[in-house]
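Descriptive analysis of the structure
If you want the building blocks of each chain, they are given just below.
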Amino acid sequence: MDVRGAPPDAEVVALVLAGDTEAFGIVIRRYEAGLLRFATRMLGSRDAAADAVAESFVRAYRHLASCREPARLRTWLYRIVTNRCKSHLVRRSVADVPLDDAPPVADPADTEADLERADQLLLVERALAELSPDKREAFVLKHVEGLSYEEMATVTGERIPTLKMRVHRAREALLKVLEDHA
Amino acid sequence: MSVIDQRIHQALDGELAAEVVPAELRHAVAQLAAAAELLAAPPPGPAASLESRVMAEIRRPAPSRARRVMRWLVTPHAIILRVRPAWSVVFAAVVATLTLFTAGDQGPELGEHEGIAQFVGRFPEAQSVHVVGTFNDWRPGSIALEDQDHDGVWRATVVLPAGTYEYMFVVDGERWVPDHLAERLVADDFGRENSIVIVRPARR
């Protein structure tokens, strides 16, 4: 279902809190793509990311009343998913992070440009997986999810200068890998 | 120490217009921007929506009363020890007797992996204080603190499996407050602070 014409977040939250459970589907459809992408980049596995995001949505539903600023629901959801990802990462060594559950298989219809793009993505994913979880989180929130440093501070609970430093370090590490393979 | 030119960071942070970036730095800016774009692209293949999975979990009816009772019976629970001052001497004597004169290394009350957690908070105006945390699934009402001498200091002593727990106090059934005297405080998922208690095994 298209949710572009759906009510704003604060209205959806009010509906759910008033007992309209089904309205929570709007929240899921509106944010699952971004949250899944973020969790996949953090965990390096689509299956683990799907688990983390699904758990986060259930948790968000159950604690929706404690969302202090429903208009900033997106940031609040990222905060929950960030914490779920951290819990997942704590339970396993970062060194064991798989790049993906099922590496893409070359399609005969792929053009040379497609294959080159896939190679480049693999390289970037590997470089990202080498970063510490803090730096990976900062880079993905900033450059993949497009959050401002203020929003990132709300999501992570860290200070803006700390986050800037992490993003800078992540860029430096990624750039080094990209230049080494250029 | 930064290993790349600060102007690259400034350009990527939107603090430096692209046309002002020196030509020799533009390639690095473009490389990082392209990497971010690759990571932001949706993965190939159909995307399975989580909606049905999440909504099924949300719609799932609460377990029946009988099922909840059964689950309660088979789940380990915290035990509250409340000792009245008049009986404390007798209690201490009994414990000492049992400890000193029972044979072997048999422990009196605590299991090998259990320890004692003491919760103390000062709430002079409170009518009731409970502690909730990861040890009781954040269920208000299950562990009450007592203010026996009416000095505003509420206490509870609880036997818990050894481990690290997050907790908060619930004052008068509605106000959730962290214990600022706790060993540590951590941010939770919802922008609040939880206190941390570490329960060490009483017997090693």
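Residues numbered from 1 in each chain as written. Chains lettered and ligands numbered in written order. Predicted model: local features only at pLDDT ≥ 70, side-chain atom pairs only at ≥ 80, totals over all residues. Heavy atoms only, no water.

1. Thoughts on the overall build of chain B
Within chain B, the secondary structure is distributed over 5 helices and 9 strands. Classification of the 204 residues of chain B by burial places 32% in the buried group. In chain B, once contacts between residues fewer than 6 apart in sequence are set aside, the share between residues at least 24 apart is 63%. (Helix = DSSP H or I, 4+ residues; strand = E, 2+ residues; numbered from the N terminus. Buried < 20%, exposed > 50% of the residue type's maximum accessible area, 1.4 Å probe, protein only. Contact = heavy atoms within 4.5 Å.)

2. Some thoughts on helix α6 (residues 133–144) of chain A
Residue and element names in this part refer to chain A. With 9 of 12 residues buried, α6 is to be regarded as a mostly interior element. Among all positions of α6, only Arg136, Glu137, Ala138, Phe139, Val140, Leu141, Lys142, His143 and Val144 are buried. At the C-terminal side of α6, glycine 146 shows a positive phi close to 70°.

3. Here we look at the confidence of the model for chain A
Here chain A averages 85 in pLDDT, while 86% of its residues score no lower than 70. When the criterion is pLDDT under 50, residues 93–97 of chain A qualifies, and its contacts beyond four places in sequence or with other chains add up to 9 contacts. (pLDDT = per-residue confidence, 0-100.)

4. Side note on the pattern of salt bridges
Under the criterion given, the structure shown has 18 salt bridges over all chains. For arginine 29 of chain A, the salt bridge is made with glutamate 51 of chain B, and the minimal N-O distance between the two is 2.4 Å. Of the two residues, arginine 29 of chain A is situated in helix α2 (residues 24–43) and glutamate 51 of chain B in helix α3 (residues 51–59); the pairing between them involves two chains. Arginine 29 of chain A sits in the partly exposed class, given a relative accessible area of 21%. Via salt bridges that share partners, Asp134, Glu158 and Arg166 of chain A belong to a single interconnected network. (Salt bridge = Lys/Arg side-chain N within 4 Å of Asp/Glu carboxyl O.)

5. A word on unusual backbone geometry
Residues and elements named next belong to chain B. Here histidine 150, not a glycine, exhibits a phi torsion of approximately 55°, which is positive. Checked against the element boundaries, histidine 150 lands in the loop between β4 (144–145) and β5 (153–161). The backbone of aspartate 172 shows a phi angle near 55°, a positive value even though the residue is not glycine. Residue placement: aspartate 172 occurs in the loop between β6 (163–171) and β7 (175–177). When its relative accessible area of 36% is taken as the criterion, aspartate 172 is described as partly exposed.

6. Things to note about the packing of helix α1 (residues 9–17) of chain A against α2 of chain A
All names here are of chain A. Running from N to C, α1 and α2 point in directions that differ by 145°, and their axes come no closer than 8 Å. Contact residues: α1 offers Asp9, Val12 and Val16, while α2 offers Phe24, Ile26, Val27, Arg30 and Tyr31. Its residues assigned to classes, the contact of α1 with α2 comprises 6 nonpolar, no polar and 2 charged. (Axes fitted to C-alpha atoms, helices over the stretch in contact; angles between N-to-C directions. Nonpolar A, V, L, I, M, F, W, Y, C, P; charged D, E, K, R; others polar.)

7. Some remarks on the pairing of β6 of chain B
All names here are of chain B. Alignment of strand β3 (residues 129–133) against β6, held across 5 bridges, turns out to be antiparallel. The partner of histidine 130 across the bridge, within β6, is valine 170. Both β6 and strand β9 (residues 193–199) contribute to a ladder of 5 bridges, which runs antiparallel. Opposite glycine 163, over in β9, you have valine 199 as the bridge partner. Of the strand pairs in this sheet, β6 and β7 are connected by 3 bridges, and their pairing is antiparallel. Looking at the pairing, phenylalanine 169 lines up with valine 177 of β7. Once β6 ends, the chain turns through 3 residues before running back antiparallel as β7, passing aspartate 172 with a positive phi of about 55°. (Pairing = 2+ DSSP bridges.)

8. Some points on the interface of chain B and chain A
In this assembly, 35 residues from chain B lie in contact with 47 residues from chain A. Seen at the junction of chain B and chain A, the total is 6 salt bridges. Among the ionic pairs, arginine 62 of chain A bridges to glutamate 57 of chain B, the shortest N-O distance being 3.3 Å. At the junction of chain B and chain A, the tally comes to 13 residue pairs in polar contact (both at pLDDT 80 or more). (Polar contact = N/O pair within 3.5 Å; in protein donor to acceptor, adjacent residues only side chain to side chain.)

9. What about a nonpolar patch on the surface?
A cluster of nonpolar side chains, Val69, Met70, Trp72 and Leu73 of chain B, forms an exposed patch at the surface whose accessible area comes to about 450 Å². By secondary structure assignment, the location of methionine 70 of chain B is in helix α4 (residues 65–74). (Patch = residues over 30% accessible without salt bridge, like charges linked within 9 Å, V, L, I, M, F, W, Y side chains within 5 Å. Areas by Shrake-Rupley, 256 points an atom, 1.4 Å probe, with all protein chains shown as cover.)

10. Things to note about the environment of glutamate 151 of chain A
Residue and element names in this part refer to chain A. Note that glutamate 151 resides in helix α7 (residues 149–156). With 76 residues separating them in the primary sequence, glutamate 151 and threonine 75 have C-alpha atoms 6.6 Å apart. Dropping the residues within four chain positions of it, glutamate 151 is found in contact with Arg74, Thr75 and Gly146.

11. Observations regarding the nonpolar core
Core analysis: the biggest nonpolar cluster contains 72 residues, and Phe24, Phe57, Leu73 and Leu77 of chain A together with Val54 of chain B have the highest contact counts within it. Per-element accounting of this core gives the leading share, 11 residues, to α2 of chain A. Not counting residues within four places of it along the chain, the set of residues in contact with leucine 73 of chain A comprises Asp9, Val13, Val27, Tyr31, Leu64 and Cys67 of chain A. (Core = buried A, V, L, I, M, F, W, Y, C linked by side-chain atoms within 4.5 Å.)

12. Focus on the side chain of aspartate 9 of chain A
All names here are of chain A. You can see aspartate 9 is positioned in helix α1. Overall, the relative accessible area of 10% leaves aspartate 9 in the buried class. Within the local environment of aspartate 9, its side chain forms a polar contact with the side chain of tyrosine 31, the two groups lying 2.4 Å apart. Discounting residues that sit within four places of it in the chain, aspartate 9 has contacts with Arg30, Tyr31, Pro70, Ala71, Leu73 and Arg74.

13. Quick look at the confidence of the model for chain B
Reading fine detail from the predicted coordinates is not recommended where pLDDT is low. Residues at a pLDDT of 70 or more form 79% of chain B, whose mean pLDDT is 80. Note on the complex model: pTM 0.59, ipTM 0.77.

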